[in-house]
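Structural description and commentary
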Amino acid sequence: MNKREEEKIMRQKERLEKELRRLKEISIYEEEYGMYEHICGIDEAGRGPLAGPVVAGAVILPKDSKILYLNDSKKLSQKKREALYDEIMEKAVSVGVGIIGPERIDQINILNATYEAMRLAVSDLEVKPDILLNDAVTIPEAGMKQVPIIKGDAKSISIAAASIIAKVTRDRLMTEYDLSMPGYDFAKHKGYGTKAHIESLMRLGPCPIHRRTFIKNFV
C-alpha cells in the first residue's frame, strides 16, 4: 500500500469516527429514556404548503441503531433522503405513517390535522411504543408518555428518522399528483407557496388537492 492509499484510508476512518460521534450526540434522548424498550420518534411534513396532505411519520429504531448520516430531513439532499428512507424501512423495528388530506385540513385546521396524522402514524405501527419523542408538540389523546423536543429532528435520531419517512412519503405523493393534475408543477415545489405555484393557481384556479383555507388570498 502506498502513501496515497494510506492517507485515503485514514481520511475515511476520520470521517467515520466523526459521524459516529455526531450520531452519539443526537442520541442523547434515546439514551436518557433508554429504560423504555420501544422508543418512537414522531415528526410531520407538509404543515405549510397550499396544497396536498400533511403526513406524519412514526419510527421505532433498534436500541443499537447506527444509520450513518441520519439527520433532519431538511438538511439532506433528495437523493440522500431516498437512500436513508430505504435503510430506515429495512432496519427499523417498526414504521408507521399517517396521512390527512386537504379537505380534512380545511375542516379542523392544520394543527389539529397534524395531531390526527400523528395519532394515525402511531396506530399504524406494528409494535406498540412505550414512549413518544415528538418534534416540538404534545399530541392530544395519544394515550402514552410523550416528550416534546424543540427542533427534535436535529436532536434525536428517532425523530430524524420519522422526519425522513414523512418527507419522502409526502414528496412521492405530490409527484403522483403532478401526473394526474398537470399544470401546477407539484413534483417540483411539492405544493408550497412558491411564486410559480401561486401564478399557476391564479391562472388555472384551484384543483382538488388545494387547501381552500390556505389559498383565500390568491383566488
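Placed above this text is the structure.
Computed from a predicted structure; not experimentally measured. (Residues numbered from 1 in each chain as written. Predicted model: local features only at pLDDT ≥ 70, side-chain atom pairs only at ≥ 80, totals over all residues. Heavy atoms only, no water.)

What about the packing of helix α3 (residues 78-91) against helix α6 (residues 157-180)?
Viewed as axis vectors pointing N to C, α3 and α6 meet at an angle of 115°, and their least axial separation amounts to 9 Å. Where α3 crosses over α6, the handedness of that crossing is left-handed. Each of Arg81, Glu82, Leu84, Tyr85, Asp86, Ile88 and Met89 in α3 lies in contact with α6, whose residues at this interface are Ala161, Ile164, Ile165, Lys167, Val168, Thr169, Asp171 and Arg172. Of the residues belonging to the contact of α3 with α6, the class tally is eight nonpolar, one polar and six charged. (Axes fitted to C-alpha atoms, helices over the stretch in contact; angles between N-to-C directions. Helix = DSSP H or I, 4+ residues; strand = E, 2+ residues; numbered from the N terminus. Left-handed = near helix turned anticlockwise from the far one by under 90°. Contact = heavy atoms within 4.5 Å. Nonpolar A, V, L, I, M, F, W, Y, C, P; charged D, E, K, R; others polar.)

Thoughts on the side chain of Thr114
By secondary structure assignment, the location of Thr114 is in helix α5 (residues 110-123). What Thr114 contacts, discounting residues up to four positions off in sequence, is Glu44, Arg47 and Val54.

Describing unusual backbone geometry
Phi is positive for Tyr69, close to 70°, though the residue is something other than glycine. Locating Tyr69 in the fold gives a position in the loop between β2 (54-60) and α3. One non-glycine residue, Asp185, adopts positive backbone phi at about 65°. With respect to the helices, strands and loops of the structure, Asp185 is situated in the loop between α6 and α7 (186-189).

What about α6?
Look at α6: 35 Å from first C-alpha to last across 24 residues, which is about the 34 Å you get at 1.5 Å a residue. A side-chain oxygen of the first residue of α6 lies 3.3 Å from the backbone nitrogen of Ser158; this N-cap is Ser156. (Expected span 1.5 Å × (residues − 1). Polar contact = N/O pair within 3.5 Å; in protein donor to acceptor, adjacent residues only side chain to side chain.)

Focus: the pattern of salt bridges
Enumeration over the complete set of coordinates arrives at nine salt bridges. One salt bridge connects Lys74 with Asp72, and the closest N-O pair in it is separated by 3.3 Å. On the accessibility criterion, Lys74 (65% relative accessible area) is exposed. Two residues, Lys167 and Asp171, come together in a salt bridge whose shortest N-O distance is 3.3 Å. Linking Lys167 with Asp171, this pair stays in helix α6, spanning four residues, or about one helical turn. Several salt bridges share partner residues, and in doing so they unite Asp72, Lys74 and Asp153 into one network. (Salt bridge = Lys/Arg side-chain N within 4 Å of Asp/Glu carboxyl O. Buried < 20%, exposed > 50% of the residue type's maximum accessible area, 1.4 Å probe, protein only.)

Here's the deal with the nonpolar core
Counting 20 residues, the largest nonpolar core has Cys40, Ile42, Val54 and Ile139 as the members making the most contacts within it. Elements with a minimum of two residues in this core: β1 (39-45), β2, α4 (102-108) and α5. In terms of residues, this core owes the most to one element, α5, which gives seven residues. The contact partners of Ile42, leaving out residues within four places of it in the chain, are Gly57, Ala58, Met118, Val122, Leu132, Leu133, Asn134, Asp135, Ile139, Ile159 and Ala162. Core analysis: the next-biggest nonpolar cluster, separate from the first, contains 19 residues, Ile26, Leu70, Leu76 and Ala162 among them. (Core = buried A, V, L, I, M, F, W, Y, C linked by side-chain atoms within 4.5 Å.)

Concerning the packing of aromatic side chains
What the rule picks out here adds up to two aromatic pairs. Residues Tyr33 and Tyr36 carry aromatic rings whose centres are separated by 6.5 Å and whose planes lie at 40° to one another, so their mutual orientation is tilted. Among the residues examined, Tyr33 registers a relative accessible area of 15% and is labelled buried. Taken together, a centroid distance of 5.3 Å and an interplanar angle of 15° make the contact between Tyr184 and Phe186 stacked. In this arrangement the basic side chain of Arg172 is found over the ring face of Tyr85, its NZ or CZ atom lying 4.4 Å from the centre. (Phe/Tyr/Trp six-rings, centres within 6.5 Å; stacked < 30°, edge-to-face > 60°. Lys NZ or Arg CZ within 6 Å of the ring centre and 35° of its normal.)

Re the sheet that holds strand β3 (residues 94-100)
Ordered in space as β3-β2-β1-β4-β5, the five strands form an open sheet in which the pairing is mixed. Every interior strand has two partners, whereas the edge strands, β3 and β5 (146-149), have only one. Neighbouring strand axes in the sheet, compared pairwise and without regard to direction, differ in orientation by 20° on average. Of the pairings in the sheet, the one linking β1 to strand β4 (residues 131-135) comprises four bridges and is parallel in character. Counterpart to Ile42 in the pairing with β4 is Asn134. (Pairing = 2+ DSSP bridges.)

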